[in-house]
Structure formats: C-alpha cells, structure tokens
Amino acid sequence: MGILKKFYFALFILLTAAGISYSQLPNQNTILLGQKDEHGSGYSALWGYAAPNGREYAILGCNTGTAFIDITDTANIHEVDFVPGVTSNWREMKVFSSYAYVVSEGTNSRLQIIALQYLPDSVSLVATYNYTNYTKTHSISQSGPYLYLHGGDVTMGGTDQGGLTILDITNPQAPVKRGQWSNMYVHDSRIVNDTIYACNINTGFVSIINATNKNSPVTVSSWLNNPNPFPHNCALPNNRRYIYTTDETSSPNGKLKVWDKQNPANVLFVTSWQPTGITTAIVHNVEIYNNLAVIAHYTAGIRILDITNPVTPTEIAWYDTYPSSNTAQFAGCWGVFMFPSSGKIIGSDMSGGLFVIKIGTTPVGITGNSVIPAGFSLKQNFPNPFNPNTQMEFDIPASSYVSLKVYNSLGKEVAVLADEYRIAGSYKLNYDAGNLPSGVYFYKLTTGNGFTDTKKMMLLK
C-alpha cells in the first residue's frame, strides 16, 4: 500500500471512529481538466455528443435553456451556443444521430429538437414537438431510433400522473407518437434490446416492460426496490444478469443497489454501495461504460467504480464537485457522462456548472485496447445458430464512429447494438434476441471511415 493510500485509509479509520462520516477525503485518481459556470446556479442534467469528426461536446441543462460546450481541446473548453427554453430547474436531454432532444418540467416546454450538424460553429432549434395534452416531461431516455418520455403529462390524459410514451424518431426532425405505458408513474428508464426497465419512483417498484411492439408495451414483471425503495434511475452492466438502481431518498440517504434479475419473476437483492468514507450523501444517477460505473452522487460529487465483477463494485476514483459538505441534501452533482473515445468524464453540478475530469490512471474498463488491430473486420457471431444469446466481435484500427445494427430477413431494423464514437481496438458485444421469433437475421457494421460489412445469423428457439 502506497504512502498516499495509507494516509487515506488511516484518515478514513479516524473519521469513522469519531463518527464523522461526512468529512471530505481528498479527490482521488482524477484530474480536473476544466470547469464552466457561465449561467449562474440552477444547472441540472447533462449529456455528451461525440461528433463524426471526433470532436466532443457537453450538453448542459441550465435554468433558462441548454448550453453546448466544446470540450475537445482541454486548453480551450468553450461554449459554442445556447438554446433558450422555458425556465425550469430541471432540464434533461439525449442524442440520436446528429440531433439533441431536450425536455423539462417547465410549463409548455414540450420536446425541443436541436440540430447538431452545424457544429463546431453553432446549433439550431429546428422544432418544438408536442401531441395532444402533452406539455412537459420529467426525463427522457433513448435507444436506437426511439425516445422514451417519462413523467410530467406524457400520458394519463395530460395529467401529472404520467407513465411513459414512446416516440419513433426514424425521421429525427419529425417524431411519431407510438405506444404508452401508464400502469405507474415512471421517473426514468433504461432500454436494452426492446426491454424497458422503468423506475417507478413514487411506488418504489422497478418494472420490466416488453416493448417489442412499440405501439403496445406490455408489463413482464416488477419488484419492490427494498429496503427504503425510491428508485430514481438504473443501468445494466455488460453482463445483463444484473441491474444497478439508485434510490434518491434523504432520510435515510439513498444508496446504489445491485440486483440479480436472472429470473425476472424473482429479482434478488445482491448488495448496496456508498462512497468511500461517506454514509450521508444521496446517490442520484448511475451510467455504465464497459466495466466502469460513473455516478452522480449529489454532495459527494462524481464517483467511479470498477464493476469488472458486477456484484462487488469497487471505488477507484472520485472528484468532489461540491466540497463544502457531504450531508444528505439535494445539492451538488446532478448528472454524469463519459466519452468512450477519450475517457473524459463530464459532470453537472447544480451550483458549479460543468466539470470536465479524467481518471488519473487507465483503469480496467476504459479501453482494454492495448493491441490495435491491423484492419477493419466484422467477425461471424458465436454461437451460430443461437438461442437466444450470441456474441458479435469487430475490429477498428482507427478511432471512428461505429454503427452495429441487426435486421430481420425483410430488411427491417430490429436492434441497435452500437451507435457511437469508439476508440481504436477490438470489441465484443453480447446480443440477447429473446424477444424475437426464430429465423434468419443480418447484422451490419458501418464506420465513419467508410468500412461496412454484413453477416448472416440464425436464431433457433
């Protein structure tokens, strides 16, 4: 154990023995690359956009609109543009293709569609979308060419008891309203291969929903997120047997929980996690990137876990965006996002704005690409035939935008496995086709470097 680690450990023991569980340990294994606070307090969520040319942008929710910040050159982090919106303390966004979709709780805020094609010079608000009785949204998720709107008045005849509504954005500028699910209020959701994991924060449940038919999502099962259930958001490791949930409670303070969902009818609690030396702060949002979980933990700041073994999360780094305290208050770090190409992590702090950090050393899970392949390739899936799980491998010798999609025999897209900028290396993706019928399918790899290849596979049930 190094001298610095011994110091941290000794300090942790002393603080614990003294009953001081909210004192701040020094930031560990992280480097602050920059901070931007140009719009006063009232910051909320954020997301990232990696353009086809490799430039990286933070999209930051502000009280009066959305800021677009170029973080590519850490010596020149700067705001490119700002799109005004209805005043709101909550603003959230997701990206598909070259468009950002922004929602908020502000009255009549609806869904803003913002074109990103004009970066690095500017962005453009191209439409504000709505449908009958819809005026505001609590949060938004995205998977492939679909958006999932939660809360607000997205369902239930325009009341604030909303569940979720699915929008088809095959035409990114002209969403088409598809199905709705309104069994319970939905605060947020995560979508994997047409399965929705919905956080029903008010009732304490997490619901598993089959959305193969986007016009008619159907409940598969649900479980109570005990103890002290208040599920805020969730994320799934590469091993999709497990799911991580965050409970946004102040008394007792909410924790990160790990669940085994191998049997959807009997989801089992595995463990819970809190930041090193801190038992008082409230967890907010979790995002997972390969073997890393990046967490917005309110007053405890940005926390980074190694989840190589998903049932034993191990904290390897942190940066406190709110060093004044670690008490159980809804203040500090709101949202996080990590860029897979550069490893940069962005975090939004409610009073401090945008923080751009990087892990000090390369941990497990960021790249894993010590050997750069000689050329582009898409390998045959294995096993093949399969039922219902298989693996797909591909090589990219240069960092590039990557799209990996699955199509049925009629050429209809049935799954999007990758749609993002990735660093050069070899990749292996798991695919679960449990919701599809037996038959012949095709998967196609397309990169921003001009490479494309298609393979055939067979699902036998």
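Worth saying up front: this structure is predicted, and the values here are computed from it rather than measured.

J.: Any chance you could break down the overall build of the chain for me, citing the residues and the numbers?
T.: The helix and strand tally for the chain stands at 1 helix and 35 strands. What you see for the chain is a C-alpha radius of gyration of 21 Å, in line with the 23 Å of a compact globule of 461 residues. Taking the principal axes of its C-alpha atoms as reference, the chain extends roughly 65 × 55 × 50 Å. When burial is assessed residue by residue, the chain has 54% of its 461 residues classed as buried. Look at the contacts in the chain between residues 6 or more apart in sequence, and 51% of them connect residues 24 or more apart. Surface accessibility of the chain: about 18000 Å² in total, with carbon and sulfur atoms responsible for 52%. One way to put it: in the chain the 29 positive side-chain charges average out to a point 7 Å from where the 30 negative ones average out.

J.: Describe the pattern of salt bridges, listing the residues and the values that go with them.
T.: A full pass over the atoms with the stated rule returns 13 salt bridges. Measuring nitrogen to oxygen at the nearest pair gives 2.5 Å for the salt bridge that ties K257 to D247. Note that K257 is positioned in strand β20 (residues 256-260) and D247 in strand β19 (residues 242-247), a separation of 10 residues in sequence. Across the pair, D247 and K257 agree in class, each one buried. For E413, the salt bridge is made with K405, and the minimal N-O distance between the two is 3.6 Å.

Definitions and cut-offs
- Per chain, residue numbering runs from 1 following the sequence as it is written.
- With the structure being a predicted model, the display of local features is reserved for residues of pLDDT at least 70 and the display and counting of side-chain atom pairs for 80 or more, all residues being used for whole-chain, interface and lining totals.
- Note that the side-chain values use all heavy atoms of the structure and ignore hydrogens as well as water.
- The way it works is that DSSP assigns letters per residue, a run of H or I at least four long becomes a helix, a run of E at least two long becomes a strand, and they are numbered from the N terminus.
- Two things to know: the radius of gyration comes from C-alpha atoms, and the globule rule equals 2.2 Å times the number of residues to the power 0.38.
- A 1.4 Å probe rolled over the protein chains alone gives each residue an accessible area, and that area as a share of the maximum for its type sets the label: buried under 20%, exposed over 50%, partly exposed in between.
- By definition in these notes, contact holds between two residues if any of their heavy atoms fall within 4.5 Å.
- Reported accessibility uses the Shrake-Rupley method at a 1.4 Å probe radius. Residues are deemed covered only where the shown protein chains occlude them.
- In this charge count, Lys and Arg are treated as positive and Asp and Glu as negative; neither His nor the chain ends contribute.
- Think of each charge as sitting on NZ of Lys, CZ of Arg, CG of Asp or CD of Glu.
- Throughout this description, the term salt bridge denotes a Lys or Arg side-chain nitrogen within 4 Å of a carboxyl oxygen of Asp or Glu.

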